[in-house]
Amino acid sequence: MFIIVFLLMALPTFAQDSSQWSAYLFDNINNALIHVSSSAETQSFSLGTPTGSYIYGMSINSDDNQVAYCYIYRTDPNAEVVTRFVVRDIDQEANLLEQELGPLTSCSVTAFN
């Protein structure tokens, strides 16, 4: 019986936790980031890639305001695949850095600040 009373007393404490959190989801159909907050608000941010490109190797900085990623695309169906590396300001939806890497088969993006 003591355990049941303890659990009933503890449950309101857990329910009152007011910690704030947020997460980014990647929309691979529209090449966009979707920001989801603990209050269930969502906001979509374009990654500014050409139609038909494929994004991979993504990382978001510790301040949650910049994203780095690689993407591949073709300028036309018969052209060789081109890889680009991008650092983008999420809120401004503007590239801070964009570098063509050529016809690479892979690109790895890790944590950055």
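The rules behind these values
- Residues numbered from 1 in each chain as written.
- Predicted model: local features only at pLDDT ≥ 70, side-chain atom pairs only at ≥ 80, totals over all residues.
- Heavy atoms only, no water.
- pLDDT = per-residue confidence, 0-100.
- Contact = heavy atoms within 4.5 Å.
- Helix = DSSP H or I, 4+ residues; strand = E, 2+ residues; numbered from the N terminus.
- Buried < 20%, exposed > 50% of the residue type's maximum accessible area, 1.4 Å probe, protein only.
- Lys, Arg positive; Asp, Glu negative; His and termini not counted.
- Salt bridge = Lys/Arg side-chain N within 4 Å of Asp/Glu carboxyl O.
- Polar contact = N/O pair within 3.5 Å; in protein donor to acceptor, adjacent residues only side chain to side chain.
- Phe/Tyr/Trp six-rings, centres within 6.5 Å; stacked < 30°, edge-to-face > 60°.
- Core = buried A, V, L, I, M, F, W, Y, C linked by side-chain atoms within 4.5 Å.
- Pairing = 2+ DSSP bridges.
- Disulfide = S-S within 2.5 Å.

(A) Region of interest: the confidence of the model for the protein chain. On average, residues of the protein chain score 83 in pLDDT, and 84% of them reach the 70 mark or higher. Segment residues 1–15 is flagged for pLDDT under 50; beyond a separation of four residues in sequence, or across chains, it makes 0 contacts in the model.

(B) A look at the side chain of Asp 89. Mapped onto the elements of the fold, Asp 89 is located in strand E6 (residues 82–89). There is no salt bridge for the buried Asp 89, and the closest opposite charge comes from Arg 88, which lies 8.0 Å off by N-O distance. Of the polar contacts made by the side chain of Asp 89, one reaches the backbone nitrogen of Asp 91; its length is 3.1 Å. Apart from residues lying up to four places away in sequence, Asp 89 is in contact with Asn 65, Gln 66, Ala 94 and Leu 96.

(C) Focus on the packing of aromatic side chains. As enumerated under the stated definition, the model contains 3 aromatic pairs in all. When the ring of Tyr 69 is compared with that of Tyr 71, the centres are 6.3 Å apart and the planes differ by 40°; the resulting orientation is tilted. An identical accessibility class is assigned to Tyr 69 and Tyr 71; each is buried. Judged by centre distance (5.7 Å) and plane angle (35°), the ring pair of Tyr 71 and Tyr 73 falls under tilted. In this structure Tyr 71 comes out as buried when scored by relative accessible area, which is 3%. Tyr 73 sits in the buried class, given a relative accessible area of 15%.

(D) The nonpolar core, seen in detail. Core analysis: the biggest nonpolar cluster contains 12 residues, these being Tyr 24, Leu 33, Phe 45, Leu 47, Ile 55, Val 67, Tyr 69, Tyr 71, Tyr 73, Val 82, Val 86 and Ile 90. Listing elements by their share of this core, those giving two or more residues are strand E5 (66–73) and E6. In this structure, Tyr 24 is in contact with Leu 33, Ile 34, His 35, Phe 45, Ile 60, Asp 64 and Ile 90, ignoring residues within four places of it in sequence. Counting 7 residues, the second largest nonpolar core, distinct from the first, contains Cys 70, Val 87, Val 109 and Phe 112.

(E) Seen up close, the pairing of strand E2 (residues 32–37). One ladder, built from 6 bridges, connects strand E1 (residues 22–27) with E2; its direction is antiparallel. For Ala 23, the partnering residue across the bridge sits in E2 and is Val 36. The turn linking E2 back onto strand E3 (residues 42–46) is made up of 4 residues, and Ala 40 within it adopts a positive phi angle of 75°.

(F) Layout of the environment of Pro 103. Within the secondary structure, Pro 103 sits in the segment after strand E7 (94–102). Once the C-alpha coordinates of Pro 103 and Tyr 73 are considered, the two residues, 30 residues apart in sequence, prove to be 9.8 Å apart. Setting aside residues no more than four positions away along its own chain, Pro 103 makes contact with Glu 80 and Val 81.

(G) Representation of the state of the cysteines within the structure. For the structure shown, the criterion picks out 1 disulfide. Across the disulfide from Cys 70 sits Cys 107; the S-S distance is 1.7 Å. Remark: Cys 107 occurs in the segment after E7 and Cys 70 occurs in strand E5; sequence separation between them is 37 residues.

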